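Topology and contacts: notes
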Amino acid sequence: KTLSSSRGFHVTSQPSARAEAESRIQMNNVLQPRRSFSSSVAMNMAMPELPDDVVKYSQVPTLDKYFTNDFIPAGLRKDHSTKDGTWGVIRVNTGKLQYIVGDETFELSPSQPGVIEPNVKHSVKSLSDDLEFVVEFYRLPDSGPVDEKREGL
């Protein structure tokens, strides 16, 4: 790839597929337009985008089960994060879920999933009695073995 500047210099590089993906992720996070969310929740940050080239490798709970208002594991209710290279998607089947990322709060629903970025502290809290949700886990292809122990899941 060759880049030119108005100052007349050229830079030639051949980044790895992983470096290209990480760069695209960073650029997507910078360039994504802000989305509108519920007016009852103040938003200063746009929901991150899941990279196109990640692959799903796990989901909790499994099969046709859901976390519910009556059962959200303690590990999800307190600040926690995924490992390097591990992305997540919180998919709400019914009800509403509060997704807290640092000082930002998102209201998730069946039409608004939550994207979890690698190594970013986050937690969740039920907002409705009819809540049902799952958490899916994704990684870049060929990014190494998955070594994650999930507390209480």
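Residues numbered from 1 in each chain as written. Predicted model: local features only at pLDDT ≥ 70, side-chain atom pairs only at ≥ 80, totals over all residues. Heavy atoms only, no water.

**Describing the overall build of the protein chain**
Helix and strand counts for the protein chain stand at two helices and ten strands. Secondary structure elements in the protein chain, listed N-terminal to C-terminal, are β-β-α-β-β-α-β-β-β-β-β-β. Here the protein chain holds 153 residues, and the buried ones make up 37% of them. Contacts spanning at least 24 positions in sequence make up 75% of the contacts within the protein chain whose residues lie at least 6 apart. (Helix = DSSP H or I, 4+ residues; strand = E, 2+ residues; numbered from the N terminus. Buried < 20%, exposed > 50% of the residue type's maximum accessible area, 1.4 Å probe, protein only. Contact = heavy atoms within 4.5 Å.)

**Observations concerning the packing of aromatic side chains**
Here the structure, examined in full by the defined rule, presents four aromatic pairs. An angle of 40 degrees between the planes, with centres 6.4 Å apart, marks the rings of tyrosine 57 and phenylalanine 137 as tilted. With tyrosine 57 in strand S3 (residues 55-60) and phenylalanine 137 in strand S10 (residues 132-139), this pair connects stretches of sequence that are 80 residues apart. The exposure class of phenylalanine 137 is buried, given its relative accessible area of 7%. Seen in terms of ring centroids, phenylalanine 67 and phenylalanine 71 are 6.1 Å apart; in terms of plane orientation they differ by 45 degrees. Their pairing is tilted. (Phe/Tyr/Trp six-rings, centres within 6.5 Å; stacked < 30°, edge-to-face > 60°.)

**Structural notes on the nonpolar core**
Counting 24 residues, the largest nonpolar core has Ile90, Leu97, Tyr99, Leu108, Val124, Phe133 and Val135 as the members making the most contacts within it. Elements supplying a minimum of two residues to this core: strand S5 (86-94), strand S6 (97-101), strand S7 (104-108), strand S8 (114-116) and S10. Residues contacting tyrosine 99, with those up to four places away along its chain left out, are Met47, Ile90, Glu104, Thr105, Phe106, Leu108, Gly114, Val115, Ile116, His122, Ser123 and Val124. (Core = buried A, V, L, I, M, F, W, Y, C linked by side-chain atoms within 4.5 Å.)

**Quick look at the pattern of salt bridges**
Counted under the stated rule, the structure contains three salt bridges. Salt-bridge contacts for lysine 56 lead to glutamate 136; the nearest nitrogen and oxygen are separated by 3.7 Å. Residue lysine 56 is found in strand S3, and its partner glutamate 136 is found in strand S10; the two are separated by 80 residues along the sequence. Take lysine 56: its relative accessible area is 42%, and that puts it in the partly exposed class. The partner of arginine 91 in a salt bridge is glutamate 136, and the shortest N-O contact between them spans 2.8 Å. With a gap of 45 residues between them, arginine 91 in strand S5 and glutamate 136 in strand S10 connect regions that are remote in the sequence. Note on arginine 91: relative accessible area 34%, which makes it partly exposed. Several salt bridges share partner residues, and in doing so they unite Lys56, Arg91 and Glu136 into one network. (Salt bridge = Lys/Arg side-chain N within 4 Å of Asp/Glu carboxyl O.)

**Some thoughts on the confidence of the model for the protein chain**
Looking at the protein chain, pLDDT values average 77 and 65% of them are 70 or higher. Residue range residues 23-43 is modelled with pLDDT below 50. Its contacts to residues more than four positions away, or to other chains, number 27 contacts. (pLDDT = per-residue confidence, 0-100.)

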